[in-house]
Structure formats: structure tokens, C-alpha cells
Amino acid sequence: MDDELLQDFLIEAGEILEQLNEQLVDLEQSPDDMDMLNAVFRGFHTIKGGAGFLAIEPMVALCHRSEDIFNLLRNGERKITAELMDTILPVLDVLGEQFDALRGGEQVAEADQAMLTALECFTVPEANEPASVEQPEVEPVMDTSAEVAAETGSSDSSSTVGGGKDITDEEFDQLLNVLDGKENISPQAAPTGQASGADDISDDEFEALLDNLHGKGKFGSVDAPVASEPVKAEPVKPAIAGSDDEISEDEFEALLDELHGKGQFKATNSSAAVSDTPAPQATASVAKAETAEPVAKTPAKPVAAKAPAKEKPQAETSVRVDTSRLDDIMNMVGELVLCRNRITRLGETSGDEELLKAVANLDLVTADLQLSVMKTRMQPIKKVFGRFPRVVRDIARSLKKEINLEMIGEETDLDKNLVEALADPLVHLVRNAVDHGIELPDEREAAGKPRTGTVVLAASQEGDHILLSIEDDGKGMDPNVLRQIAIDKGLMDKEAASRLDDHECYNLIFAPGFSTKVEISDISGRGVGMDVVKTSIAQLNGTVEIDSELGKGSRLSIKVPLTLAIMSTLMVKLEEQLFALPLVNVNEIFHLDLTKTNVVDGQLVILVRERSLPLFYLNRWLVNGQQNVELPETGHVVVVHVGNQKVGFIVDELIGQEEVVIKPLGTMLHGISGMAGATITGDGGIAIILDVPGLIKMYA
């Protein structure tokens, strides 16, 4: 198997698979959306075609059955039901596993036979499914689809024709005789197309059909004599205006099929006598064209009026680039940013006005370049959001809930690495909202709410951060219940729990082992999910906030930086060493006043807006030989948040805000808690970038 072809297939088919997950859930909500139906059909067909070219038979077999089902749905031979979707959606999971096997160079496993059998059940039109419905008899001459049976050589007397109605042997033989021209039927036995009503078309309808095939105005009126007795006429074809050209029999049949449905307007009216009542000329022409026997004719000449030439398709405007190349470009831009910082610092100290102008111009160009390169690494958050309609649908079905998922801001862009890192935390939060937040339909109705609950997933950009929120209109959280659970699980004593305000009670759900579920299920109850969310978001230098109102619902907000490669920091100095605090973690800065500090349970705290804030002197942690140094008389307090808690760091000196490029620490220093990396400062020195969550965990 050609590796390059395989990789192209995996990329394209993977994108189609992501779209199918979302499209199938939307299709269940809007089963009459033909555009969506066709899109799903094309998706399975495209994957099947690529898999067939690469000879991946298990994938071909699975997609082929799925494609057959959606072909029936497109043709109206089946209807979309929840049971059908329960069978189709797991197919996407199996296809995903097969893609993973291909990526890993493993053998693609066959789909489970039970799944293939379940799919087979839906590949039969609903009309052909076994049913004990008595079929009424049918008039022999009106059953025009017997011609189909004759063409296929069917000799079964119980052949189903004319929309599923059975005819007798005698009726079937009579039809064959009519088609072979061996027998003429009287007008009473075989009504003409005009008399029957079902096959009658008007002049306007006939003209519209011709216009539809060959363009408006290309056909003139059709003149043909109306016979009062049975005649055997030469075929009369509609003439093309301004020429002697004819349309072929196939084109003529296509016109009739388009008006009356395939197989409804065949030559069974051949040799039927026309009534004495005068008929429109166009109708007579139709009848004669059907009765005519095939004759040899010369190839039709080209039509004079040609269709306008199609516009040249637009060239492809996108190109696939390996992410490693983007990472290399980003690293080089990072080096450029460091050079810019260095030159900016030199320009400020030189005092040369011309140099300052050049430095300002360089600063502007570098900032634009940095933004452009960052955008090449950006991906829409829709890549993550796209999986949630399926997640919500599956959980709602298993819990017997009715839930509507709304997604806002799907086109919001953020760094590719963040898109991948946010996927798992968001899945936990959405599952939590569906399982814990939304009530059962009967409970909602009893509370005066609509039976269908709503979960809103939103994304927006705020400055250099992305704000994500998950909101539900469920039962909300009761702070008193949360306090009691914390006491029962031994997370805190009764006195400590009583001091918590409502907001702090809501944050208890992020504690390890905390769960409001009594019974453990495959969805929740172990008290692990929210703890994982908090840890994952903290690793991304982000924050999680939660708010709730009992009986109204809950809202969780996540705030993460746009990118992890270049970050804004607050430079501080401890003794003579520079350190960088990620600006995303910084809340506020104020001057240290030792008279407002106190020691509570051995912890130094300071009162800020009537709330106690733990204080830590960073020199004791980060400067060698100062583990027991006394607090300075003057200094600054930088208030940082770690998850949902705030602490104060005492520093000797504030340098200012600076954009830095994170450089990994050497192998000897790799893995040290509290250090996220290092960077080169504007004056050429080195500053350690602090990992605030790791620092607190290590020392406090």
C-alpha cells in the first residue's frame, strides 16, 4: 500500500468522518432535509471509494451497507427512525477504530457480524418488508410496469408489478400479447391516455418537459392528425424549432418518466384506438409516439443553440502543511521576538531618535509577523465542538432524557495544540451537564419547565484569551447538599464547611473523589471527571469558574490563552535574579503593608477587601540560602490564582510586562516542579518562567 496515498486517504476520510458525526445527529432532528441526506450518502460513498482503491475490504463492506441504507432514504423508500440511527451511529465508531488501525500500520479488523446483520435489516425498502396486508386486484391494461417484467424475462405468474399489486396468468399473457402487437384492444377494454386520466398530459405540461430537457423555446408546436380508428402510425417526434432534427426515443422516455414516474408511461397503450372525441394535438402525438415501432434513423444533428460554456473552476486555495514545519517557523519567529526585545532595550538606552523610529517600525512588523504565523497554527474550535452533538444524543438516549444542544461561536480560532488539549476536559463538562444538570422530562414538567432541556456550548475570544462556557437550564446545585457531601466524604469538618460561601461550595465539585451521584454508572459517579478537568485546564495556564442557581441551572466558564508558544508575562526580581510569572495567572498587584498581616494556623495571611489571602515570600522558595529570611519592610504582593484559589506572592521588585518565548529547560532541570521553562530577556539575560500551580503544589 502506497504510504503517501494512505496518508491522504486518512486525512480526507478522517475529516468526512468528523462531519458525519455531526450530520447524522442533525439529520435525526430534520429527517426531511434532502441536502443533508445527500451529503451523508456522499460521505459514506467517498470513504467506500477510497477504501476500495486501497483494497481495505472490511471498511468497504461496512460503508457499502451504510450507503445502501441512505440510498433508500434518499429515494423515500425508508424513513429515518431513532432505531435506524442507533444502528448507524456505532458504524462511525467502528470506522474510527479502523482508521486508527491503519495509522498504526495494523491489520484492519472486520466489523462485528451482529452490526453487519443489523445494517442488512435496513437495506430493504419498507414496502418489501414482510407484512400481512391484503393487496387489491389491478386492472390488467392499466398496469403498465408489466413491460419491465417482460424485458427481464420474468415468467413468474405472481410477479409484483404496478406498485406491488399481483395480476393473474391470463392478465399477464394478455399484456405480453399487447406488447408484441398480436392483439388489439377495444377502446372500452383499454382506455387511452386521455380517457384514463392518470397518463393524460396537457399541452403546457408537454412543452414544459421539452423546455426542461433542451432549454426553453427550442421546441415548436407539435402537429399530428387525430385518428378516429385504430391506426399504425410512423413515430411522430417533437420537432426542434427551426430545424428538422429529432430527439431520440431515450430522451422522449426520460421526459415521460419525469412527469409520471419511471415505468408509468410505457408502450402498453400501443395499438390502442383513439376515441372519437377530439383530443389536443400534443396528446395525440404522445400516444402515437408510444405506439410507434422502432425505426432506424440517422444520428441527430447538433442543436443550433449551444449551452453557455461553464466557468472555469477556481483553483484550490488551500494546501496541507506538516505541523512540524509550522512549529519550526514559530520557533524562528520566537527568536525574532527575542531579538526585537533586545534591540528595543538598546534603542531606549541610546537616546538616538532615528534608531528609536527604526526600532518602533521593527516592533510593528515583528508583531504582525508573529500574529500571522500564529494564525497558521490556529484551528476553529468547531473541530472539538463537532463531536458533542453525538455525545449528547447518545447519553440522552441512554438516560431517557430530552435534550437540545446549542453551539455558539464554533468559528472561534485557537492554537492547534490547545484544540487537542481541550477535547477531553470539554467532553467531561458536557457529560456532566447532561447527566447531573438536566432533569428527566417528567421532573421538568412537574417543575413548570419544558420537557426538553437545553445545553449551550459557547466560545468567544476576549483579548489574548479564549472563553469557553457550558450552560444548562437544569436543576442547578444546592450549596447545603454540597457541604454535607464534603463532610460525609471526609474532605472537611463541619465547622470548615459552614464557613464556605455558595461560590466556594460550587468549587467543591473539583475536589478529587467528590461526586453528587449515589450510584456509580458508566457515565459518572466516581468523582474523577471534574478533578481531571481542573488539572488539565491548569496545565494550559487556564482557569475554570462555576456558577449555579438552584432550580435554574449551572454555568461553567473556562479561560485559556490563545497560544502556548509565546506568552505575556510579568517580570519580577528576587535579589538579582529575574523570574517571569505568566500574566494569565496574575489577578492584581498591591504594595506590601506588614501591619495588615497576621498569622493564622501557622500561615501568613493578609486581609484584602475583608477576605484573608495566604502570603508566600518567593525568596524563601527560589533564592539559595534564604529559606528562613525575614519578610522585607517594603515590597510588592502579586496576587495569582491557582484554579479557583488565590494566593499572594511577595517579590522584591517589579520589572514590567514582557512577551516571551518559552524555551524548554535542559535535561538536568527537566521535570522540576514550579518551573515551566526559561526565556531570554530584552537585556540578553535569562529568566525562569514559573509554573504557578506546580509551585504551590511543591512548596505550599
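Before any of the text, the structure's been laid out above.
My aim in this report is to walk through the structure given alongside it, one point at a time. (Residues numbered from 1 in each chain as written. Predicted model: local features only at pLDDT ≥ 70, side-chain atom pairs only at ≥ 80, totals over all residues. Heavy atoms only, no water.)

Here we come to the overall build of the protein. Per the secondary structure count, the protein includes 23 helices and 20 strands. Of the contacts formed within the protein by residues at least 6 apart in sequence, a portion of 68% connects residues at least 24 apart. Of the accessible surface of the protein, which amounts to about 38,400 Å², a share of 50% is contributed by carbon and sulfur atoms. (Helix = DSSP H or I, 4+ residues; strand = E, 2+ residues; numbered from the N terminus. Contact = heavy atoms within 4.5 Å. Areas by Shrake-Rupley, 256 points an atom, 1.4 Å probe, with all protein chains shown as cover.)

Another point: helix 12 (residues 323-350). One full turn of an α-helix is made of 3.6 residues, so residues set three or four places apart face in the same direction. Across its 28 residues, helix 12 extends 41 Å between first and last C-alpha, which sits within 8% of the 40 Å expected from 1.5 Å per residue. Burial in helix 12 covers these residues: Leu326, Met330, Val333, Gly334, Val337, Leu338, Arg340, Asn341 and Gly347. Each element contacted by the buried residues of helix 12 is listed here: helix 13 (353-376), strand 10 (566-574), strand 18 (653-661) and strand 19 (675-680). At the exit of helix 12 stands Gly351, carrying a positive phi of roughly 80 degrees. (Expected span 1.5 Å × (residues − 1). Buried < 20%, exposed > 50% of the residue type's maximum accessible area, 1.4 Å probe, protein only.)

Here the focus is the packing of aromatic side chains. Within this structure, the stated rule accounts for six aromatic pairs. Ring centres 6.0 Å apart and planes at 80 degrees place the aromatic pair Phe9 and Phe99 in the edge-to-face group. Of this pair, Phe9 sits in helix 1 (residues 3-29) while Phe99 sits in helix 4 (residues 82-103); the two residues are 90 residues apart in sequence, bridging distant segments of the chain. A centroid spacing of 6.0 Å and a plane angle of 75 degrees characterise the contact between Trp621 and Phe649, whose relative ring orientation is edge-to-face. Here the residue Trp621 occupies a position in helix 22 (residues 618-622), and Phe649 occupies one in strand 17 (residues 645-651), the gap between them amounting to 28 residues. Across this residue pair, the class does not change: Trp621 and Phe649 are buried. Feature note: the residues Phe616, Trp621, Phe649 and Tyr699 constitute an aromatic cluster, connected by ring pairs. Sitting over the ring of Phe41, Arg74 keeps its end group 3.8 Å from the ring centre. (Phe/Tyr/Trp six-rings, centres within 6.5 Å; stacked < 30°, edge-to-face > 60°. Lys NZ or Arg CZ within 6 Å of the ring centre and 35° of its normal.)

In this section: the packing of helix 15 (residues 388-399) against helix 16 (residues 416-437). Where helix 15 meets helix 16, the closest approach of the two axes is 10 Å, and the angle between their N-to-C directions is 35 degrees. Judged by the twist between their axes, the crossing of helix 15 over helix 16 is right-handed. Along its contact with helix 15, which presents Phe388, Val391, Val392, Ile395, Ala396 and Leu399, the element helix 16 presents Ala423, Leu426, Val427, Val430, Arg431, Val434 and Asp435. The residue makeup of the contact of helix 15 with helix 16, split by class, is eleven nonpolar, no polar and two charged. (Axes fitted to C-alpha atoms, helices over the stretch in contact; angles between N-to-C directions. Left-handed = near helix turned anticlockwise from the far one by under 90°. Nonpolar A, V, L, I, M, F, W, Y, C, P; charged D, E, K, R; others polar.)

The topology assignment puts Asn619 in helix 22. A distance of 3.0 Å separates the side chain of Asn619 from the side chain of Gln626, its partner in a polar contact. Beyond its immediate chain neighbours, meaning those up to four positions away, Asn619 contacts Leu574, Glu575, Gln626 and Asp652. (Polar contact = N/O pair within 3.5 Å; in protein donor to acceptor, adjacent residues only side chain to side chain.)

Taken in spatial order, the six strands line up as 12-16-17-15-14-13 in an open sheet, and their pairing is mixed. What marks the edges here is a single partner per strand, and that holds for strand 12 (586-591) and strand 13 (597-600). Pairs of neighbouring strands in the sheet enclose a mean axial angle of 35 degrees, with direction left out of account. Looking at chain direction, strand 12 and strand 16 (residues 636-642) are connected through five bridges and run antiparallel. Its bridge partner lying in strand 16, His591 is registered against His636. (Pairing = 2+ DSSP bridges.)

For the rest of this paragraph, the subject is the pattern of salt bridges. One pass over the structure, following the stated rule, counts 26 salt bridges. Between Asp363 and Arg340 there is a salt bridge whose closest N-O contact spans 3.2 Å. A residue pair is termed long-range when its members are at least 10 positions apart, and Asp363 in helix 13 and Arg340 in helix 12 qualify at 23 residues. Residues Glu658 and Arg345 are paired through a salt bridge, measuring 3.7 Å at the closest nitrogen-oxygen approach. Of this pair, Glu658 sits in strand 18 while Arg345 sits in helix 12; the two residues are 313 residues apart in sequence, bridging distant segments of the chain. Note on Glu658: relative accessible area 13%, which makes it buried. When salt bridges with common partners are traced through the structure, they connect Glu28, Asp86, Asp93, Arg390, Arg393, Asp394 and Arg397 into a single cluster. (Salt bridge = Lys/Arg side-chain N within 4 Å of Asp/Glu carboxyl O.)

Here helix 4 crosses helix 5 (residues 113-121) at 140 degrees, and the two axes come no closer than 10 Å. Taken together, the axis directions place helix 4 and helix 5 in an arrangement best described as oblique. In terms of crossing hand, the pair formed by helix 4 and helix 5 is left-handed. Side by side, helix 4 and helix 5 meet where Thr87, Ile88, Pro90, Val91 and Val94 of the first sit next to Met115, Ala118 and Leu119 of the second. Here the residues of the contact of helix 4 with helix 5 sort into seven nonpolar, one polar and no charged. (Parallel < 35°, antiparallel > 145°, perpendicular 65-115°, else oblique.)

This part is about a negative patch on the surface. A grouping of Asp3, Glu4, Asp8 and Glu12 is seen on the molecular surface, where their side chains present a negatively charged patch. By secondary structure assignment, the location of Glu12 is in helix 1. (Patch = residues over 30% accessible without salt bridge, like charges linked within 9 Å, V, L, I, M, F, W, Y side chains within 5 Å. Lys, Arg positive; Asp, Glu negative; His and termini not counted. Charge placed at Lys NZ, Arg CZ, Asp CG, Glu CD.)

The buried fraction of strand 9 (residues 553-561) is high, at seven of nine residues. Where strand 7 (residues 465-472) meets strand 9, eight bridges bridge the pair, whose relative direction is antiparallel. Its bridge partner being in strand 9, Ile470 is matched across the sheet by Leu556. Two elements, strand 8 (residues 543-549) and strand 9, share seven bridges in a ladder whose sense is antiparallel. Pairing of Thr543 across the sheet is with Lys559, part of strand 9. Between strand 8 and strand 9, which pair antiparallel one after the other, the connecting turn spans three residues, and Gly551 there sits at a positive phi close to 85 degrees.

Moving on: unusual backbone geometry. Look at Lys400: it is not a glycine, yet its phi comes out positive at around 60 degrees. If you trace the backbone, Lys400 turns up in the loop between helix 15 and strand 4 (403-408). Among the residues examined, Lys400 registers a relative accessible area of 67% and is labelled exposed.

Moving on, we get to helix 2 (residues 34-53). Spanning 20 residues, helix 2 covers 28 Å between terminal C-alpha atoms, matching the ideal 28 Å at 1.5 Å per step. Along helix 2, the residues that are buried comprise Met36, Leu37, Ala39, Val40, Phe41, Gly43, Phe44, Ile47, Lys48, Gly50 and Ala51. Structurally, helix 2 contributes buried residues whose contacts are with helix 1, helix 3 (57-74) and helix 4. N-capping of helix 2 is provided by Asp33, with a side-chain oxygen placed 3.2 Å from the backbone N of Asp35. Backbone geometry just after helix 2 places Ala55 at a positive phi near 60 degrees.

These results come straight from atomic positions and should not be treated as a statement about function.
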